[in-house]
Amino acid sequence: MKTCIITLSIFVLTLSKTDAFMKHGIQRAAAPVVLTSSTDTFADANTNNVASLSCASRLNMVADSEQQQGTTIIDKDFRLAGIFLVIGLLLDTIPYLQLTVGPLITVLGVLFLVQTFRLNFVCDSDSFSLQDSSQESGENIVVGGENKWMYDSFVNYDFFPKGWVDQPQGPILVYFKETQTPKDKWSEGPGKSANSEEAVAKGAVQGQVHFFPALCNVKQLRAEWQKQNCSKL
Ligand SMILES: *[C@@H]1O[C@H](CO)[C@@H](O)[C@H](O)[C@H]1NC(C)=O
């Protein structure tokens, strides 16, 4: 019974975070289209100032940028999607659960699967970004300020549930907190408790909180963040 409640709370937690995450992803997907449609269908995943580059120099940059800028696209990890889909399938064979938790888990599994294909977790020389690779003609979308965070703005990062990052099944959520986002947004949603006086008294550093489902190779991501000296409490 206890395990059941814990599992359920994790699912509910994941669902609520995923919800915000998906909304974020969709908004972001819509924005860069404006940026590229007026010129051509060529977008460079690794430069911020695509709009100001000529077509020719952009061609060169596409070829060179990965090596030059030390950009790492973190490997995709389908474990989380797989686990949810398998658990969903199992639950779908159990009376009652097949009408309640089962479909929920299956829906989450499908969402995770789609997002694992779509999203690239990218670490370049000075920042971490989330990029959408789902645009037609194989474009990689450059993400401007909104989904790109400087390593030196990190105040903390972690993987939840705690300790799962080193276990075979991997964690469910990737968490980090940064001070790049304007301060007035910090206390929205989950940031409210994370930035409360109580949390600060316990040693927390204030900043914007981010949660993502763990859809990439989290050990590789952690190694990148460690290499870049991202702050961790
Ligand atoms: C991280 O810190 C180490 C030790 O202080 C230093 O040698 C290294 O150059 C730093 N790396 C980056 C990317 O700043």
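(A) View of the site of the ligand. Taken together, the neighbourhood of the ligand is formed by Lys227, Gln228 and Asn229. Here Asn229 contributes a side-chain N or O atom positioned 2.4 Å from an oxygen atom of the ligand.

(B) Summary view of the environment of Pro190. Topologically, Pro190 is positioned in the loop between strand S6 (173-178) and helix H5 (191-194). For Pro190 and Phe211, which are 21 residues apart along the polypeptide, the C-alpha to C-alpha distance reads 9.2 Å.

(C) Seen up close, the environment of Met150. Examined against the element boundaries, Met150 turns out to sit in strand S4 (residues 148-150). Take Met150: its relative accessible area is 32%, and that puts it in the partly exposed class. Sequence separation between Met150 and Asp124 is 26 residues; the distance between their C-alpha atoms is 9.5 Å. Beyond its immediate chain neighbours, meaning those up to four positions away, Met150 contacts Asp126, Ser127 and Gln180.

(D) The nonpolar core, seen in detail. With 36 residues, the main nonpolar core has Phe121, Phe128, Leu221 and Trp225 as its most contacted residues. The contact partners of Leu221, leaving out residues within four places of it in the chain, are Ile74, Cys123, Phe128, Phe159, Val174 and Cys216.

(E) Up close: the sheet that holds strand S3 (residues 127-132). The four strands are arranged S1-S2-S3-S4 in an open sheet whose pairing can be described as antiparallel. Single-partner strands in this sheet number two, and they are strand S1 (72-73) and S4. With five bridges connecting them, strand S2 (residues 119-123) and S3 associate as antiparallel partners. Within the sheet, the bridge partner assigned to Asn120 lies in S3 and is Gln131. Sheet contacts for helix H4 (residues 101-118): S2 and S3; angle to S2, the most-contacted strand, approximately 50 degrees.

(F) Seen up close, the sheet that holds strand S5 (residues 154-160). One open sheet holds the three strands; their spatial order is S5-S6-S7, and the pairing between them is antiparallel. The open sheet has two free edges, formed respectively by S5 and strand S7 (208-213), since each of these has just one partner strand. This sheet shows a mean twist of 15 degrees between the axes of neighbouring strands, independent of strand direction. In this sheet, S6 lies alongside S5 in antiparallel orientation, the contact comprising six bridges. Within S6, the residue paired with Phe160 across the bridge is Leu173.

(G) Fine view of the pattern of salt bridges. Under the definition given, this model contains seven salt bridges. Lys148 is paired through a salt bridge with Asp124; the nearest N and O atoms lie 2.7 Å apart. Note that Lys148 is positioned in strand S4 and Asp124 in the loop between S2 and S3, a separation of 24 residues in sequence. Across this residue pair, the class does not change: Lys148 and Asp124 are buried. Where salt bridges share partners, they join Asp158, Lys162 and Lys232 into one cluster.

(H) Quick look at the packing of helix H3 (residues 79-91) against H4. Contact geometry of H3 with H4 gives a least axis separation of 8 Å together with a crossing angle of 155 degrees. As the angle between them shows, H3 and H4 are arranged roughly antiparallel. In the crossing of H3 with H4, the sense of the turn from one axis to the other is left-handed. Contacts between H3 and H4 involve Leu80, Ala81, Phe84, Leu85, Ile87, Gly88, Leu89 and Leu91 from the former and Val101, Gly102, Ile105, Thr106, Leu108, Gly109, Val110, Phe112 and Leu113 from the latter. Within the contact of H3 with H4, the residues separate by chemical class into 13 nonpolar, four polar and no charged.

What counts, and at which threshold
Residues numbered from 1 in each chain as written. Predicted model: local features only at pLDDT ≥ 70, side-chain atom pairs only at ≥ 80, totals over all residues. Heavy atoms only, no water. Near = heavy atom within 4 Å. Polar contact = N/O pair within 3.5 Å; in protein donor to acceptor, adjacent residues only side chain to side chain. Helix = DSSP H or I, 4+ residues; strand = E, 2+ residues; numbered from the N terminus. Buried < 20%, exposed > 50% of the residue type's maximum accessible area, 1.4 Å probe, protein only. Contact = heavy atoms within 4.5 Å. Core = buried A, V, L, I, M, F, W, Y, C linked by side-chain atoms within 4.5 Å. Pairing = 2+ DSSP bridges. Axes fitted to C-alpha atoms, helices over the stretch in contact; angles between N-to-C directions. Salt bridge = Lys/Arg side-chain N within 4 Å of Asp/Glu carboxyl O. Parallel < 35°, antiparallel > 145°, perpendicular 65-115°, else oblique. Left-handed = near helix turned anticlockwise from the far one by under 90°. Nonpolar A, V, L, I, M, F, W, Y, C, P; charged D, E, K, R; others polar.

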